[in-house]
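Remarks on the overall topology
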Amino acid sequence: MKRTSVLIIDDDHSVREALASALDEAGYAVTQAGGVTEARASLSVAVPQAVLLDIRLRDGDGITLLRELRSDHPALPVLMATAYGDSARTIAAMREGAFDYLTKPFDFDYLLQTLARAATGPSAIDTERPRRSDPPLLVGESPAMLGVWKAIGRAAASHAPVLITGETGVGKELVARAIHTNGPRSARPFVPINLAAVPTPLLESELFGHEKGAFTGAFSRRSGRFEAAEGGTLFLDEIGDLEQSLQTKLLRVLEDKRFERVGSTSSLPSNVRILTATSRPVQSLREDLYYRLGVVRIAVPPLRDRPEDAITADPSDAATTDAATNDAANDSGGTSDGSAAPSCTRDPGTATRDAEVLAAAQAFLAALTEAQRTTAVLAHTRANAEQWSNLPTTMVKRNGVPLSQMSTAAADAAIALVKKATSDQGGTLFSELRAADEYLVTNGGASSNDYGKGLYYISFIGTPSATDAWMLQVAGHHLAYNFSYNSQCTSATPLFDAVEPKTWNDGTAHAPLENQRAALTALLASVSSASGAKLSGTYSDILTGPPAGSGDTKYPNSLNYPTGTSDRGVLGSTLTSEQKALVKTAIEAWAKNPADPNANALLGLYESDEALNNTYIGYSGSSDLSTQNSYVRIDGPRVWIEFTVQGGIVYRGQTHYHTICRDKVSDYGAEFK
């Protein structure tokens, strides 16, 4: 019987000889080459039935030689080998048409199985190849992650739809982006959309666009995500949440490559590759759609199933966005050096605290009427999460039920819930800011329709649960708390506080934001003379929440912020150690909470040496924050703090304070990036 011929290309003589001897004993006819030149010479004499090619060679690059072999001998199966766990090279090798990718030291049984498959059948890889390779998006050296890289490379080399599965936080969108980046559509748009985050009535328009007059509020034609992704890739996250009528429309697009805008009678062509993802079983999908979307399927394992990657995943590497880091943060308390990489912190004490908050939330819901419970619990979507504002109640819509409409028992349960979520420290501030609003009515003559301690709303974004993501939202004039649970990150931000009057006495002296102001004035007294500290722009207010329904304005939240400005302030790396200590004290005035283990863990991210060196401090107006339109901002890799002094609204002759604290990574639990 004729033996299967194998060419081993490896510049390590001892490895080559040992492998040749083992394969010879296993019944293979082995030829050896020590590099690219010898390999070309050998191939000019005879083409083997399989090639085992090392990815790093002294006289050339294995990927380049692989590309050459695939061009000259497209049916020749090439097995790539390396001693390095390198995601970019693995993806590149599989994309270029490698039959498989093996790591040293070899699992000899697996090598024999792979050679047997290679010798008896053609490679399953499409021969079409893209022109470029971007830096790796994923890290990890486990066999499980190697399998993911291989799957990405195979998927990238084709145009087939891909279904990506895995738990929340494992990095499914990163896998989708890697497929796009390494594929033939990489020069065209990558357009993601989380289907669960868009209200059902708006989703059809969001996907397909609409014509002017198609429905109430459709004042002009609008293109949808399919048009935005034309020629590129459309990533549909949480595909299992797609309602049946839209499943039918999506199936039609896959079959006919055409779609219609809402309100239109004519169809448009669609040249889009569709990638989908889900974090749970998709029994809700039509069977025919499921098989259409899952031509290629990639399962991304959680970190607990590949613990060896917990060591290699480096969440402090801001240049690498990786699924292992995301998952490590969620499952193992991963931390970051303060860069804005998508890593989160979860202190071990958080689980107990979250359970206590959940119990308080359920007790509060039980105290409401059935109608109030319906009002208090909203879908876990971006639009609902962002529906908060610092404007008076008559000027904006707020989520949930106000304290003024609750029974005494329900109101008491609401206040107990807020105290449990914020700790005694946060509960005291909540009481003080409500008291300030009541003072505006009883002593300032303000309308009780706009102000008052009862106009503070409690709502849940998502149903309170021990497993599913949900938020507690507490919102009123001059206050907004957003606490996230079971999310990609544990989070208490965005957090907005303000007070008018800034001080008052109703038998007790009140000055709720004085500690924050004092910390900032001490900081500015030291750094205000530094070059760049004084901002060129002026800042008259902090605008929070979604203005005119356009979504969260994020960073900065200030009115009159100069568009496109690089006006950021003085950089922390130029400050003395004493000045950096003042920056820490200022950050702690917002972020430190002795009773909140997660808040204190976050401080380590905000106050690390690297984070402080990359934090900007800027101000405008008076450095002692004594006059109207005075403003200060702390802009770190993660932490974002703004504080402004504004003219009085009720007390016209006075000033008062607005301030906001945010985390650029974990706002809203990092659920709506």
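Further up the page is the structure itself.
Heads up: these notes are all about the structure in this document. Worth saying up front: this structure is predicted, and the values here are computed from it rather than measured.

Quick look at the overall build of the protein chain now. Helix and strand content of the protein chain: 21 helices and 27 strands. Taking all 673 residues of the protein chain together, 54% fall into the buried category. When contacts within the protein chain are restricted to residue pairs at least 6 apart in sequence, long-range pairs at least 24 apart make up 67% of them. Total accessible area computed for the protein chain in this model is approximately 27500 Å², and 50% of it derives from carbon and sulfur atoms.

Here we have five strands laid out as an open sheet, ordered β9-β10-β13-β8-β14, and parallel in their pairing. Lying at the two open borders of the sheet, with one neighbouring strand each, are β9 (190–194) and β14 (296–299). Across the sheet, the mean angle from the axis of one strand to that of its neighbour is 20 degrees, orientation sign disregarded. Pairing analysis gives four bridges linking strand β8 (residues 162–165) to β14, with the strands arranged parallel. Within β14, the residue paired with V162 across the bridge is V296. Strands β8, β13 (273–278) and β14 of the sheet are contacted by helix α6 (residues 143–156), whose axis makes an angle of about 155 degrees with β14.

You can see Y657 is positioned in strand β27 (residues 655–663). With 10 residues separating them in the primary sequence, Y657 and G647 have C-alpha atoms 8.8 Å apart. Those residues within four positions of Y657 in sequence are excluded, and the remaining contacts are A498, V499, K502, L513, E514, R517, F643, T644 and V645.

Of note, S5 is situated in strand β1 (residues 5–9). Along the backbone, S5 and D24 are 19 residues apart, and their C-alpha atoms lie at a distance of 9.9 Å. S5 has contacts with A29, P48, Q49 and A50, leaving out every residue within four places of it along the chain. Polar contacts involving the side chain of S5 include one to the main-chain amide nitrogen of Q49, which spans 2.9 Å.

Taken together, the five strands give an open sheet; going across it, the order is β2-β1-β3-β6-β7, and neighbouring strands pair in parallel fashion. Two strands bound the open sheet, and with one partner strand each, they are β2 (29–33) and β7 (100–103). Strand-to-strand twist in this sheet, taken as the mean axis angle between neighbours without regard to direction, amounts to 20 degrees. Running over the sheet, helix α3 (residues 62–72) touches β1, β3 (50–54) and β6 (78–82) and is turned about 160 degrees from β3.

Core analysis: the biggest nonpolar cluster contains 70 residues, and F364, M406, L417, I458, L472, Y481 and I587 have the highest contact counts within it. Counting residues per element, this core draws most heavily on helix α17 (residues 408–442), which supplies 13 residues. Of all hydrophobic cores here, the second largest spans 39 residues; its members include A33, V36, V170 and A277.

Looking now at the pattern of salt bridges. Applying the stated criterion across every chain, the model contains 17 salt bridges. In this structure, E204 and K249 form a salt bridge, with 3.3 Å as the shortest nitrogen-oxygen distance. With E204 in helix α8 (residues 200–208) and K249 in helix α10 (residues 244–256), this pair connects stretches of sequence that are 45 residues apart. The class for K249 is partly exposed, based on a relative accessible area of 31%. Residue E227 is joined to R261 by a salt bridge in which the shortest nitrogen-to-oxygen separation is 2.9 Å.

Another aspect to go through is helix α1 (residues 13–25). An ideal rise of 1.5 Å per residue puts 18 Å on 13 residues; α1 measures up with 18 Å between its terminal C-alpha atoms. Listing the buried residues of α1 in full gives R16, L19, A20 and L23. For α1, the angular spread of buried residues about the axis comes to 105 degrees, placing them on one side.

Between α8 and α10, the shortest axis-to-axis distance is 11 Å and the interhelical angle comes to 15 degrees. Taken together, the axes of α8 and α10 lie roughly parallel to each other. When you trace α8 past α10, the crossing you get is right-handed. On α10, the residues touching L203, E204 and F208 of α8 are L246, K249 and V253. Each residue belonging to the contact of α8 with α10 can be placed in one class, and the counts come to four nonpolar, no polar and two charged.

The subject of this paragraph is unusual backbone geometry. In this structure, P494 follows T493 across a cis peptide bond, with omega equal to 5 degrees. In this fold, P494 is placed in the loop between β19 (479–485) and β20 (495–499). Cis geometry marks the peptide bond from E500 to P501, where omega comes out at -5 degrees. Mapped onto the secondary structure, P501 falls in the loop between β20 and β21 (504–505).

So, on to the pairing of β27. Taken across its nine residues, β27 has nine buried, putting it largely inside the fold. Where burial is concerned, the two faces of β27 agree: the one with T655, Y657, T659, C661 and D663 and the one with H656, H658, I660 and R662 are both buried. Bridge analysis of β20 against β27 gives five bridges, and the strand direction is antiparallel. For D497, the partnering residue across the bridge sits in β27 and is T659.

Let us look at the packing of aromatic side chains. Counting across every chain of the model gives 13 aromatic pairs. Ring centres of W590 and F643 lie 6.4 Å apart, and the angle between their planes is 80 degrees; on these two criteria the pair is classed as edge-to-face. With a gap of 53 residues between them, W590 in helix α19 (residues 577–591) and F643 in strand β26 (residues 639–647) connect regions that are remote in the sequence. W590 sits in the buried class, given a relative accessible area of 12%. With relative accessibility at 0%, the residue F643 sits in the buried group.

Reading the values: the criteria
Numbers given for residues are sequential positions, taken from 1 along each chain in its written order. Where totals are concerned, whole chains, interfaces and linings use all residues; where local detail is concerned, this predicted model gives features only for residues with pLDDT of at least 70, and gives and counts side-chain atom pairs only at 80 or more. Hydrogens and water molecules were not included; the side-chain quantities draw on all heavy atoms of the structure. Runs of E in the DSSP output that reach at least two residues are strands. Runs of H or I that reach at least four are helices, and both are numbered from the N terminus. Buried, partly exposed and exposed residues are distinguished by accessible area as a fraction of the type maximum, computed with a 1.4 Å probe on protein chains only: under 20%, between the cut-offs, and over 50%, respectively. Should any heavy atoms of two residues lie within 4.5 Å, those residues are counted as being in contact. With residues, only the protein chains shown are counted as cover, and all accessible areas are computed by Shrake-Rupley using a 1.4 Å probe. Paired strands, in this sense, are two strands between which DSSP finds at least two bridges. Every axis corresponds to a line fitted to the C-alpha atoms, with the helix fit spanning only the stretch in contact, and the corresponding angles, defined between N-to-C directions, vary from 0 to 180 degrees. The term polar contact refers here to a pair of N or O atoms within 3.5 Å; inside protein, the definition further demands a hydrogen-donor-capable atom paired with an acceptor-capable atom, and it admits residues adjacent in sequence only when both atoms are side-chain atoms. What is meant by a nonpolar core is a set of buried Ala, Val, Leu, Ile, Met, Phe, Trp, Tyr and Cys residues, joined one to another through side-chain atoms within 4.5 Å. Salt bridge, as applied in this entry: a Lys or Arg side-chain nitrogen positioned within 4 Å of an Asp or Glu carboxyl oxygen. By this rule the span expected of a helix is its residue count minus one, scaled by 1.5 Å. Along the arc lie the directions from the helix axis toward the C-beta atoms. The cut-offs work like this: below 35 degrees is roughly parallel, past 145 is roughly antiparallel, 65 to 115 is roughly perpendicular, and the gaps in between are oblique. By convention, the crossing between two helices is left-handed when the near helix turns anticlockwise from the far helix through less than a right angle, and right-handed when the turn is clockwise. Basically, the charged four are Asp, Glu, Lys and Arg, the nonpolar ten are Ala, Val, Leu, Ile, Met, Phe, Trp, Tyr, Cys and Pro, and anything else, Gly included, counts as polar. Think of it this way: a Phe, Tyr or Trp ring, Trp meaning its six-membered ring, pairs with another when their centres are within 6.5 Å, and the plane angle makes it stacked under 30 degrees, edge-to-face over 60, tilted otherwise.

This is a description of form; function is not addressed.
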